[in-house]
Amino acid sequence: METYKLTVNGQPKEVTVDPGTPLLWVLREDLKMTGTKYGCGIAACGACTVHLGGVATRSCVVPVSLIGDRPIVTIEAMAEDPVGRVVQDAWVSHDVVQCGYCQSGQIMSAVALLKSTPKPTDTHIEASMGGNLCRCGTYVRIREAIKTASQQLP
Amino acid sequence: MRAYKAMLQATSVILVACAAWSASNTNGSARERVAQKSSARASTRAEGLAAWQQVYAVLTHPRCINCHTATNYPQQGDDRHRHFANVVRGADGKGVPALQCATCHQGSNADSTGVPGGHNWHLAPLSMQWQDLNDKILSSAEVCRAVIDRSKNSHLDGQGLLRHHEEEPLVLWAFQPGRRIDGTPRTLPPLTHEQFVTATRTWVESGTPCPQNR
C-alpha cells in the first residue's frame, strides 16, 4: 500500500491504496465518487471515462501509480464546467438517456471532443465517440445532442 | 664512338627493362590493392545485408509493426488484429480528441491492468508503413528502401536511424513490453535491444545496403 496525493475536480485528495489499483476504483471505493461507472474493466466500453490532465481517459485501466500530478476531472464536476454544462443541457433537451449507465462516460467523451473540436463534423463525432458503447443504442440522440451543444459554444 | 653508342644502347635496354619490370610490379600491387579493397567492400556489404536481415526481423515483429500500419488504425497482439474499441489513427497518429492513444496508454506499462505504455505513445506515420493495406508485411527490400528514404523517415540519415533504434522510447518499449491482462509477459522481438543496436550499427557502417530483390 502506498499513499497518493491526487487532485480531483480541483480538490486535493489523499488515498492509501495498492499502486496497481485502477483510478476507477480509487474514485468509486476510496473517494465514494460513484458517478464514474464500471462497465467492462478493459477500456472497451468507455463507461469509466474521466479527464486526466485534460485527456479523456479510461479510468478502469490506469493504475493510480501512473497518475502523477495530473488533475483528475470527473462527471461530478461537469455541471460547473462551461462546456460540460452546455453538453448536459443538450443531453436533457434531446432526452438522450435511456437506462443511463453509460452516459457519464458519454458526456465526458463529448466534452473532451468539444473542448478540442468545438465544431465537429459527423466524422469527428463518430471517430471520437466510437469507443463509447451504449447498449440502449442512443447513438443518434448522442450525436444530435453534441451538435446542439456545439451550436451553443463559441 | 662506336663503343660509346653500344654502351648507350645497352644502358637504354637495361633502363627500359627496369622500367617495364617496375611498371609491371607497380601494376600488380595496385591490382592486388584494388582486389583487396573490393573484397573488403563486398564483405562489408554482405555483412551489412546480413545485419539488415536481423534488423528487419525485429521491425516486423508484432511489438514493432503493430504501430507501423498502412491503415487508419493500429493493431494489437501477436496475431496483429485490429485494435479494439474502434481506435483510429487521427491526424497526428495519436488518435482523435476523445479517443487518443493516451486515453489508455500511459507513460509506462500498466502491468496491473495489462495496458502497455511508453512515452508519447503513437502510431508511426503512414510513410513508415511496413505492411500493405491488407496487413501483409512488406518484403525486406521494400521495408529497407522505406527506412533509408529520408523523404519518408523524418529526414534521418544512417546515424539518425541508429540513434532512433538506440534511444527512441517506443523502440525501447518493444524490448520491455510488459504484461498482458492475464499476467503473462508479451512476446519479445527476436533480438535483445543490444543485439538490435549492434545489427543496426553494422548495417549503417556498411552504408545501409538494401536487398536488390523486390
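Residues numbered from 1 in each chain as written. Chains lettered and ligands numbered in written order. Predicted model: local features only at pLDDT ≥ 70, side-chain atom pairs only at ≥ 80, totals over all residues.

Quick look at the overall build of chain A
Looking only at helices and strands, chain A has 5 helices and 5 strands in total. For 154 residues, the compact-globule formula gives about 15 Å, and the C-alpha radius of gyration of chain A, at 15 Å, lands near that figure. Structurally, chain A occupies a C-alpha span of about 45 × 30 × 25 Å along its principal axes. Going through the 154 residues of chain A one by one, you find that 46% of them count as buried. Sequence-distant contacts in chain A: of pairs separated by 6 or more residues, those separated by 24 or more amount to 59%. (Helix = DSSP H or I, 4+ residues; strand = E, 2+ residues; numbered from the N terminus. Rg over C-alpha atoms; globule rule 2.2 N^0.38 Å. Buried ≥ 20, exposed ≤ 12 C-beta atoms within 10 Å, placed from the backbone. Contact = placed C-beta atoms within 7 Å.)

Remarks on the interface of chain A and chain B
On the side of chain B, 21 residues touch chain A, which itself brings 23 residues to the contact. The set of elements that each furnish at least two residues to the side of chain A that touches chain B consists of β4 (55-58), α3 (103-116) and α4 (122-129) of chain A. Its residues assigned to classes, the side of chain A that touches chain B comprises 14 nonpolar, 8 polar and 1 charged. (Nonpolar A, V, L, I, M, F, W, Y, C, P; charged D, E, K, R; others polar.)

What to know about helix α3 (residues 140-148) of chain B
Buried within α3(B) we find B:Ser140, B:Val143, B:Cys144, B:Val147 and B:Ile148. Down the axis, α3(B) shows its buried residues gathered within 120° of arc, on one side only. (Arc of directions from axis to C-beta.)

With respect to the pairing of β4(A)
Residues in a regular strand project their side chains so that they alternate between the two faces of the sheet. Of the strand pairs in this sheet, strand β3 (residues 49-52) of chain A and β4(A) are connected by 4 bridges, and their pairing is antiparallel. Its bridge partner lying in β4(A), A:His51 is registered against A:Ala56. (Pairing = 2+ DSSP bridges.)

Observations concerning the confidence of the model for chain B
All names here are of chain B. Across chain B, the average pLDDT comes to 86, with 79% of residues at 70 or higher. Confidence drops under a pLDDT of 50 for residues 1-28, and excluding neighbours within four residues, the segment shows 0 contacts in the predicted structure. Here residues 34-40 is modelled with pLDDT under 50, and outside its nearest four sequence neighbours on either side it reaches 0 contacts, counting other chains as well. This complex was scored by the predictor with a pTM of 0.86 and an ipTM of 0.95. (pLDDT = per-residue confidence, 0-100.)

Some remarks on the domain arrangement of chain A
All names here are of chain A. Splitting chain A by domain gives domain 1 (2-74) and domain 2 (77-152). Centre-to-centre separation of domain 1 and domain 2, based on C-alpha positions: 21 Å. Listed by partner, the interface residues are 15 residues for domain 1 and 11 residues for domain 2. A per-element tally of the side of domain 1 that touches domain 2 places β3 first, with 3 residues. Partitioned by chemical class, the residues of the side of domain 1 that touches domain 2 number 6 nonpolar, 8 polar and 1 charged. (Domains from an automatic or database assignment.)

With respect to the pairing of β3(A)
Residue and element names in this part refer to chain A. Residues Thr-49 and His-51 of β3 are buried on one face, and the alternating residues Val-50 and Leu-52, pointing to the opposite face, are buried as well. Bridge analysis of β3 against strand β5 (residues 72-73) gives 2 bridges, and the strand direction is antiparallel. In the strand pairing of β5, Leu-52 is matched with Ile-72.

Topic: the packing of helix α4 (residues 158-167) of chain B against helix α6 (residues 193-205) of chain B
Between two packed helices, both the angle of their axes relative to each other and the distance between the axes serve to describe the pair. Residues and elements named next belong to chain B. In the contact formed by α4 and α6, the axes pass within 9 Å of each other and the chain directions differ by 180°. Relative to α6, the element α4 lies roughly antiparallel. Side by side, α4 and α6 meet where Gly-158, Gln-159, Leu-161, Leu-162, His-165 and Glu-166 of the first sit next to Phe-196, Val-197, Thr-200, Arg-201 and Val-204 of the second. Of the residues belonging to the contact of α4 with α6, the class tally is 5 nonpolar, 4 polar and 2 charged. (Axes fitted to C-alpha atoms, helices over the stretch in contact; angles between N-to-C directions. Parallel < 35°, antiparallel > 145°, perpendicular 65-115°, else oblique.)

Quick look at the nonpolar core
Of all hydrophobic cores here, the largest spans 52 residues; its most connected members are A:Val87, A:Ile107, A:Ala110, A:Val111, A:Leu113 and A:Ile146. At the level of secondary structure, the elements contributing two or more residues to this core comprise β1 (2-8), α1 (23-30), β3, β5, α2 (82-93), α3, α4 and α5 (139-152) of chain A. The dominant element in this core, judged by the number of residues it contributes, is α3(A), at 7 residues. Three or more residues apiece are contributed to this core by two domains, here domain 1 (2-74) and domain 2 (77-152) of chain A. The residues touching A:Ala110, leaving out its near neighbours within four places in the chain, are A:Val87, A:Met129 and A:Ile146. Residues B:Ile65, B:Cys144, B:Phe196 and B:Ala199 belong to the second largest nonpolar core, which totals 23 residues. (Core = buried A, V, L, I, M, F, W, Y, C linked by C-beta atoms within 7 Å.)

Concerning the environment of B:His68
Residue and element names in this part refer to chain B. You can see His-68 is positioned in the loop between α2 (62-65) and β1 (75-76). The exposure class assigned to His-68 is buried, which follows from the 22 C-beta atoms found within 10 Å. Counting along the chain gives 14 residues from His-68 to Arg-82, while the straight-line C-alpha distance between them is 12 Å. If we skip the residues at most four places from it in the chain, His-68 touches Ala-124, Met-128, Gln-129, Trp-130 and Gln-131.

Brief notes about the packing of α3(A) against α5(A)
All names here are of chain A. The geometry of α3 relative to α5 is characterised by a closest axis approach of 11 Å and an angle of 40° between their N-to-C directions. Overall, the two elements α3 and α5 adopt an arrangement that is oblique. As for how α3 packs across α5, the hand of that crossing is right-handed. The segment α3 lies against α5, with Gln-106, Ala-110, Leu-113 and Leu-114 engaging Ile-142, Ile-146, Ala-149 and Ser-150. (Left-handed = near helix turned anticlockwise from the far one by under 90°.)

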